[in-house]
Amino acid sequence: MQAIAKIGTFAGELQQTIDREFQCHGPEEIARNDGLRHSIRGLITRSNYQVPLALLELLPALQVISTCGVGYDGIPVAYAQARGIAVTHTPGVLDHAVCELGVGLLLGLLRDIPASDRFVRDGRWSGSAYPLTTSLAGKAVGIVGLGRIGRGIAARLQPFGVTLAYSGSRKIDVPYRHVQSVLALAGECNILIVCCKGGSETRHLVNAEVLQALGPAGSLVNIARGSVVDEEALVHALTTGAIRAAALDVFEDEPLRNSALTSLPNVLLSPHAGSATREARTAMLRLTLDNLHAVLNGQPALSPMPRIG
């Protein structure tokens, strides 16, 4: 059985699938075993983990890094590609799951579903009516980044009777209005949904100025990467009423610890679970493993990442 390096953990049933096809070794084991270091040709990981450059430097025979996820900001892609190492990810197969959670978070935020559930469970319904919530219908929704996920979110929101616009560096052929900057988009929408890629180019793209433009009636949803939103500025905006509320599936530091976000009543939190359905994760893992098999067998990767530079 082919030995590979593994960064991060996988759910039990998914790990069982990996173990049927590859023999996994962690970074510490690899660092201690010189023979193993020189035999490792593949590496498997998930997109919410960091792949240390120092580990890659220990693996002279490495041919492929296969990540189970779309994002690749945790991988030294430029270094790997310069060495001729294929870097692959799993676009497409998780889109439905991420879009479903994005819409679910938005509805949960506007209709205050978690708090209303507690209201009923706690027996408070018999003493008073639950406060009125907010409707999605008629709202102006701005989408930051109209890639696969952004388009999927837009298509799912159309039946709710919203007005849709998007920001991006270029205008594309869609029936939604293009707004050049995120700041301008925030200034004219009630709901701002972040769907763009992570990385240095988009770090803190949603900053204090953007949140101020979104305004006291505005809501933010982030299903992209935590780095896209300035979390300190977001906490300030939520506590001062600069924006109404936020629903977040991703955070600057994960898992979320000792964050003011956990104590705010106007925040809906999710544990980076956009693709966390059995169906999506099974399909993602299959593509991840198929990428490994393809490259290690001398074939082209099935879903390689774009070249950097």
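Just so it is clear, the structure is predicted and the values come from calculations on it, not from any experiment.

Caption draft 1: Representation of the nonpolar core in the model. Core analysis: the biggest nonpolar cluster contains 44 residues, and Ile143, Ile153, Leu157 and Ile193 have the highest contact counts within it. Element by element, the count of residues in this core is highest for helix α6 (residues 95–110), at 7 residues. Contact partners of Ile193, with chain neighbours within four places excluded, come to Leu106, Val141, Gly142, Ile143, Val144, Ile153, Leu157 and Val221. By size, the runner-up hydrophobic cluster in this structure holds 32 residues, among which are Val144, Val194, Cys196 and Val228.

Caption draft 2: Representation of the pairing of strand β1 (residues 3–6). By the alternation rule, side chains of β1 split into Ala3 and Ala5 and Ile4 and Lys6, which are all buried. Where β1 and strand β2 (residues 23–25) come together, 3 bridges link them in parallel fashion. Counterpart to Ile4 in the pairing with β2 is Cys24. This β-α-β element, β1 to helix α1 (residues 12–21) to β2, shows right-handed connectivity.

Caption draft 3: View of the pattern of salt bridges. Counted by the stated rule, this structure contains 10 salt bridges. Of the charged contacts, one joins Arg37 and Asp34 as a salt bridge, the two residues approaching to 2.4 Å between their closest N and O atoms. Of this pair, Arg37 and Asp34 both sit in helix α3 (residues 34–39), 3 residues apart, roughly one helical turn. Here Arg37 falls in the buried class, since its relative accessible area comes to 16%. Judged by its relative accessible area of 44%, Asp34 falls in the partly exposed class. A salt bridge links Asp95 to Arg148; its shortest N-O distance comes to 3.2 Å. Of this pair, Asp95 sits in helix α6 while Arg148 sits in helix α8 (residues 148–157), and the two are 53 residues apart along the sequence. Judged by its relative accessible area of 13%, Asp95 is buried. Arg148 gets classed as partly exposed once you look at its relative accessible area, which sits at 43%. In this structure, a network of salt bridges that share partners links the residues Glu21, Arg286 and Asp290.

Calculation rules
Residues numbered from 1 in each chain as written. Predicted model: local features only at pLDDT ≥ 70, side-chain atom pairs only at ≥ 80, totals over all residues. Heavy atoms only, no water. Core = buried A, V, L, I, M, F, W, Y, C linked by side-chain atoms within 4.5 Å. Buried < 20%, exposed > 50% of the residue type's maximum accessible area, 1.4 Å probe, protein only. Helix = DSSP H or I, 4+ residues; strand = E, 2+ residues; numbered from the N terminus. Contact = heavy atoms within 4.5 Å. Pairing = 2+ DSSP bridges. Right-handed = clockwise from strand over helix to strand, strands pointing away. Salt bridge = Lys/Arg side-chain N within 4 Å of Asp/Glu carboxyl O.

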